[in-house]
Protein chains: 2
Amino acid sequence: MTALSASALLASITKASRDEPDSGISAAVNHGIGRPGIIPLWSGEGNLPTPEAFCRPAIESLLKGETFYTWQRGIPPLREALARYHSRHYGRAFEAENFFVTGGGMQAIQTILQMIAGEGDEIVLPTPAWPNYAGPMRMMGAKPVEVALDFANGRWHLDLDKLFAAITPKSKAIVLNSPSNPVGWTASLEDLKAVRDECRKRGLWIVGDEVYSRFYYGDKGEPRAPSFLDICDTEERLLLANTFSKNWAMTGWRVGWLQAPKAVGPAIERIIQYNTSGTAAFLQQGCAVALDEGEDFIAAQVVKARANRDLVAAALRAHPQIRFELPRGAFYMFFALDGMTDSLATTYRIIDEAGVGLAPGGTFGPGGEGFLRMCFLRDPAKLGEAMDRFGKWLKTSKPI
Amino acid sequence: MTALSASALLASITKASRDEPDSGISAAVNHGIGRPGIIPLWSGEGNLPTPEAFCRPAIESLLKGETFYTWQRGIPPLREALARYHSRHYGRAFEAENFFVTGGGMQAIQTILQMIAGEGDEIVLPTPAWPNYAGPMRMMGAKPVEVALDFANGRWHLDLDKLFAAITPKSKAIVLNSPSNPVGWTASLEDLKAVRDECRKRGLWIVGDEVYSRFYYGDKGEPRAPSFLDICDTEERLLLANTFSKNWAMTGWRVGWLQAPKAVGPAIERIIQYNTSGTAAFLQQGCAVALDEGEDFIAAQVVKARANRDLVAAALRAHPQIRFELPRGAFYMFFALDGMTDSLATTYRIIDEAGVGLAPGGTFGPGGEGFLRMCFLRDPAKLGEAMDRFGKWLKTSKPI
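Residues numbered from 1 in each chain as written. Chains lettered and ligands numbered in written order. Predicted model: local features only at pLDDT ≥ 70, side-chain atom pairs only at ≥ 80, totals over all residues. Heavy atoms only, no water.

In the nomenclature of an unreviewed UniProt entry, chain A corresponds to Pyridoxal phosphate-dependent aminotransferase from the organism Taklimakanibacter albus.

Below is the structure:
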């Protein structure tokens, strides 16, 4: 036979694609998916399916035969709806030409990275962070320069001096995710201004991930977190990745967007052309309606998330071996579990023994080991049951 | 203001993403799209929308709430349908584990390239070829080593000695697209065996694009073109990119697949995770039905394509300044126009003056300049009208 051994085949692919570790989130999902009775809190998605009101325009478009190749930058009605959405929420005019539709928030990030970084370049990012920043950087030969947030006295803190000290002549950008997945830390306007000023001074791109902006639990009922759009020009070195996944319960649609200066539009169009050749036009019709008519849905999601956050926090506070900061944004509880040094092994054990699916903190980079992440945008009753199971497990078991 | 100039912004992105030329197909589309009365034959798609029978399962799935994150490798029912489809058409058993669902054929190619090549690596490919091979290679820092097919005495010919002489120690793969877009050249089983044997000998990946396999106009009514699957092991260095776009009229869905040895499955899964994080599960439900129930549709498409090919060929033969080989596969007429040295400028002129949208041969790489590409999987009446308009234009105008 002419079959080759696994090792011969693996020796024939690039080192980066062979050696890149699996995301610990994927590892947890793959370990536990499909188990009877498992309560999955591992992924970053809510428990509600997409509202039918956002599905119907997609279905109509599909049945109308809008099934051909489409604009690589996204259909004009969606780009215009994005401009309207931003004008409403950021209190100034935005133009459709600054928005580019992508195959999910992940493709927005991938597109940004391909545009600004290559072999040997560096990108600075605070951690713990979603592993899907550092992973694709490494796979393209760029180096993620990870600067751990400090967790001290029950608070997460970004040391800006430490962050800026990580900049070198090879740096191309600072990536800032606020509100942060997984820690819930949310940049103040002052933090954002400091990052903006440093990027301007050093000629770096500001790469913002404000996907969780609407899931913000400020003291004054603010409808969103502070944003680079409050303090930046759209035509400076500013790139923002975003998605329909979280706000509108569309994780499975795989549609997102990217905001960029107009001048780099042709480069973005080429990268989209060579990555996926665009996003299904009929799906984009549903996304446009979500932007225009989704505010009540978002408001209800945020109310639920805040209540769930408090429910989970109350349950976790009963355990002296657990430490966390109440998140100001996003919808994750990221908590330290005393005595845990292998969060992935512990995650597997909690799946096996308690039937609760969490994500291991170690996968979120420096500062993440010793923690576990729990998504709380779920059904409150299920969440309560998960907390009961996990609480019992904590009383009888030891983390690894 | 803090806006930067276009040149300052462009100076801040990578050279590869700044300098990569636009695809000439995109340039033609962008030049002519939306013009009243234009007959578009520039893109590689038929004129029929997706049959409702393939849409309905997607709609049902969407309304059932299958709107969550899904398997990075594709949903099991679709991977099993892919195995069944291949078993039917290639006369032996295939396993679901060798198939990976992607966001279109383009993402299958991008995934392959990211897995096997990086900065400084080389990939050998015959041209004229779809520009979406060489483009993404250049953008990732790899070098496409293009070997022009010969067009002599009205026939396209691949000189295998010339192809193999282009292999160097930096080579990672030979990419072979058969039937070929744009020229319609189709590899014989002997050609495929020679490529296979050379790749085995030199330790290279065989990267096959057999997207147009079913659009094959053999002399004996064969249902498909010769394939690497006729002569290769699934567990050797064989990677095949494919798509639902052409056979099932689903260009706008952006769903494709990739066939690979099982051993590299985890690497493919990671690359998918970091590019798009998967393909909408509800769309995949429609694709599974297309595979299982789409044979009558494909058969009708191929009958139509063959008749259209002959219609277009008859019309073009009336013009002495035009030379072409009757394509054995795919659904493009790729013809030389005497006196043309700038196919893009001529394409613009034909759009402007004749209202017919073609694609410029120069964009398909070495050997392509001096030619124009016309997609003939269109409505025959429209195609006839396009040939009339183009014929009149040829009598009164000169190419550039």
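A. Highlighting the overall build of chain A. Counting its secondary structure elements, chain A contains 14 helices and 15 strands. Taking 2.2 N^0.38 as the reference for a compact globule, 400 residues should give roughly 21 Å; the C-alpha atoms of chain A span a radius of gyration of 21 Å, in line with that estimate. Based on the C-alpha atoms only, the size of chain A along its principal axes is roughly 60 × 60 × 50 Å. By the burial criterion, 66% of the 400 residues in chain A qualify as buried. Counted over contacts in chain A with a minimum sequence separation of 6, partners at least 24 positions apart contribute 74%. Accessible surface, chain A: about 13600 Å² in total, of which carbon and sulfur atoms supply 53%. Taking the 43 positively charged and 44 negatively charged side chains of chain A as two groups, their mean positions are separated by 2 Å. (Helix = DSSP H or I, 4+ residues; strand = E, 2+ residues; numbered from the N terminus. Rg over C-alpha atoms; globule rule 2.2 N^0.38 Å. Buried < 20%, exposed > 50% of the residue type's maximum accessible area, 1.4 Å probe, protein only. Contact = heavy atoms within 4.5 Å. Areas by Shrake-Rupley, 256 points an atom, 1.4 Å probe, with all protein chains shown as cover. Lys, Arg positive; Asp, Glu negative; His and termini not counted. Charge placed at Lys NZ, Arg CZ, Asp CG, Glu CD.)

B. Structural detail: the domain arrangement of chain A. Residue and element names in this part refer to chain A. Assigned domains within chain A: domain 1 (15-50 + 296-395) and domain 2 (52-294). Contacts between the two partners involve 38 residues from domain 1 and, on the opposite side, 39 residues from domain 2. Carbon and sulfur atoms make up 58% of the area that domain 1 and domain 2 hide from each other, which totals about 3400 Å². On inspection of domain 1 and its partner domain 2, the count reaches two salt bridges. In this structure, the salt-bridge partner of Arg138 is Glu20, at a minimum N-O distance of 2.7 Å. For the pair domain 1 and domain 2, the interface holds 24 residue pairs in polar contact (both at pLDDT 80 or more). (Domains from an automatic or database assignment. Buried area = accessible area lost by both parts, 1.4 Å probe. Salt bridge = Lys/Arg side-chain N within 4 Å of Asp/Glu carboxyl O. Polar contact = N/O pair within 3.5 Å; in protein donor to acceptor, adjacent residues only side chain to side chain.)

C. Seen up close, the sheet that holds strand 11 (residues 322-323) of chain A. All names here are of chain A. Overall, antiparallel pairing links the four strands, which are arranged 11-12-15-14 in an open sheet. Both edges of this open sheet fall to strand 11 and strand 14 (359-360), since each of them pairs with a single strand only. Examined bridge by bridge, strand 11 and strand 12 (residues 332-337) share two bridges and lie antiparallel to one another. Bridge pairing in strand 12 links Arg323 to Ala336. (Pairing = 2+ DSSP bridges.)

D. Structural detail: the relation of the copies chain A and chain B. Mapping chain A onto chain B calls for a screw motion: a turn of 180° about the axis and a shift of 0.0 Å along it, with 0.0 Å RMSD after fitting. Considering both components of the superposition, the chain copies are consistent with a two-fold axis. (Least-squares fit on C-alpha atoms with pLDDT ≥ 70 in both.)

E. View of the pairing of strand 9 (residues 238-243) of chain A. All names here are of chain A. With six of its six residues buried, strand 9 lies for the most part within the structure. What you see with strand 9 is no split at all: Leu238, Leu240 and Asn242 on one side and Leu239, Ala241 and Thr243 on the other are buried throughout. Here four bridges tie strand 9 to strand 10 (residues 256-259), and the two strands are oriented antiparallel to one another. Counterpart to Thr243 in the pairing with strand 10 is Gly256.

F. Spotlight on the interface of chain A and chain B. Tallying the contact residues gives 85 residues for chain A and 85 residues for chain B. Buried surface at the junction of chain A and chain B, summed over both partners, amounts to about 6700 Å²; 59% is from carbon and sulfur atoms. A per-residue breakdown of the area chain A buries against chain B is headed by Tyr69, Arg270 and Tyr274 of chain A, which together make up 13% of the total. In this structure, Arg270 of chain B and Asp22 of chain A form a salt bridge, with 3.1 Å as the shortest nitrogen-oxygen distance.

G. Just the side chain of Asn275 of chain B, in detail. Among the structural elements, Asn275 of chain B can be located in helix 10 (residues 265-275). When neighbours within four sequence positions are excluded, Asn275 of chain B is seen to be in contact with Met106, Gln107 and Gln110 of chain A together with Gln107, Gln110, Thr111 and Gln114 of chain B.

H. A look at the packing of aromatic side chains. Residues and elements named next belong to chain A. Under the definition given, this model contains 44 aromatic pairs over all chains. For the pair Trp156 and Phe334, a centre-to-centre distance of 6.0 Å together with 45° between the ring planes defines the contact as tilted. Placement of Trp156 in strand 6 (residues 155-157) and of Phe334 in strand 12 is noted, with a sequence separation of 178 residues between them. By the ring-pair criterion, three or more aromatic residues cluster together here, those being Phe151, Trp156, Phe334, Phe364 and Phe371. Directly above the aromatic system of Phe100 lies the positively charged group of Arg79, at a separation of 5.3 Å from the ring centroid. (Phe/Tyr/Trp six-rings, centres within 6.5 Å; stacked < 30°, edge-to-face > 60°. Lys NZ or Arg CZ within 6 Å of the ring centre and 35° of its normal.)

I. Structural detail: unusual backbone geometry. The peptide bond linking Asn181 of chain A to Pro182 of chain A adopts the cis configuration, its omega dihedral lying at 20°. If you trace the backbone, Pro182 of chain A turns up in the loop between strand 7 (171-177) and helix 9 (189-202). A positive phi is found at Ala249 of chain A, a non-glycine position, where the angle reads about 55°. In this structure, Ala249 of chain A sits in the loop between strand 9 and strand 10. Residue Ala249 of chain A is classed as buried on the basis of its relative accessible area, which comes to 10%. In this model, Asn153 of chain B sits at a positive phi of 50°, which is unusual for a non-glycine residue. Within the element layout of this structure, Asn153 of chain B appears in the loop between strand 5 (150-152) and strand 6 (155-157). A residue is classified by how much of its surface remains accessible, and Asn153 of chain B, at 79% relative accessible area, is exposed.

J. Seen up close, helix 11 (residues 281-293) of chain A. Taking 1.5 Å per residue as the helical rise, helix 11 of chain A with its 13 residues ought to reach 18 Å, and the 19 Å between its terminal C-alpha atoms agrees with that figure. Counted residue by residue, helix 11 of chain A has 10 buried out of 13 residues, so it is predominantly covered. Where helix 11 of chain A is concerned, the buried positions are Ala281, Phe282, Leu283, Gln284, Gly286, Cys287, Ala288, Val289, Ala290 and Leu291 of chain A. Buried-residue contacts for helix 11 of chain A involve helix 4 (52-63), helix 5 (76-90) and strand 2 (99-102) of chain A together with helix 11 (281-293) of chain B. (Expected span 1.5 Å × (residues − 1).)

K. Inspection of the nonpolar core at higher detail. Ile116 of chain A together with Ile116 of chain B are the most contacted members of the largest nonpolar core, which has 269 residues in total. Apart from residues lying up to four places away in sequence, Ile116 of chain A is in contact with Asp121, Ile123, Lys172, Ala173, Trp205, Val207 and Leu239 of chain A together with Ile13 and Thr14 of chain B. (Core = buried A, V, L, I, M, F, W, Y, C linked by side-chain atoms within 4.5 Å.)

L. Layout of the sheet that holds strand 11 (residues 322-323) of chain B. Residues and elements named next belong to chain B. The sheet built from four strands is open, its strands ordered 11-12-15-14 with antiparallel pairing. Both outer strands of the open sheet, strand 11 and strand 14 (359-360), are each paired with one neighbouring strand and no more. Contacts from helix 14 (residues 380-396) reach strand 11, strand 12 (332-337) and strand 15 (371-375) within the one sheet, and its direction differs from that of strand 15 by about 160°. (Axes fitted to C-alpha atoms, helices over the stretch in contact; angles between N-to-C directions.)

M. The environment of Pro380 of chain A, seen in detail. Residue and element names in this part refer to chain A. Assignment of secondary structure puts Pro380 in helix 14 (residues 380-396). A sequence separation of 343 residues divides Pro380 from Gly37, and the C-alpha atoms of the two residues are 16 Å apart. Look past the residues within four positions of Pro380 in its chain and what remains in contact with it is Asn308 and Leu311.

N. Representation of the pattern of salt bridges within the structure. What the rule picks out here adds up to 53 salt bridges over all chains. Lys15 of chain B serves as the salt-bridge partner of Asp19 of chain B, at 2.9 Å between the closest nitrogen and oxygen. Separated by four residues within a single helix, Asp19 of chain B and Lys15 of chain B lie in helix 2 (residues 15-19), roughly one turn from each other. On the basis of relative accessibility, which here comes to 42%, the residue Asp19 of chain B falls in the partly exposed class. With a closest N to O distance of 3.2 Å, Asp150 of chain B and Lys162 of chain B form a salt bridge. One end of the pair, Asp150 of chain B, is in strand 5; the other, Lys162 of chain B, is in helix 8 (residues 160-165), and 12 residues separate them in sequence. A relative accessible area of 36% means that Lys162 of chain B is categorised as partly exposed. Put simply, Arg73, Arg79, Glu97 and Glu269 of chain A are held in one network by salt bridges that share partners.

O. Quick peek at the state of the cysteines. All names here are of chain B. Taken as a whole and assessed by the stated rule, the structure comprises zero disulfides over all chains. Its sulfur unpaired, Cys199 is 8.6 Å from the next cysteine sulfur, which belongs to Cys232. Judged by its relative accessible area of 1%, Cys199 falls in the buried class. (Disulfide = S-S within 2.5 Å.)

P. Fine view of the environment of Ile231 of chain B. Residue and element names in this part refer to chain B. The topology assignment puts Ile231 in the loop between strand 8 (205-209) and strand 9 (238-243). Separated by 16 residues in the primary sequence, Ile231 and Asn247 place their C-alpha atoms 23 Å from one another. Residues in contact with Ile231, not counting those within four places in the same chain, are Leu189, Leu192, Lys193, Arg196 and Arg200.

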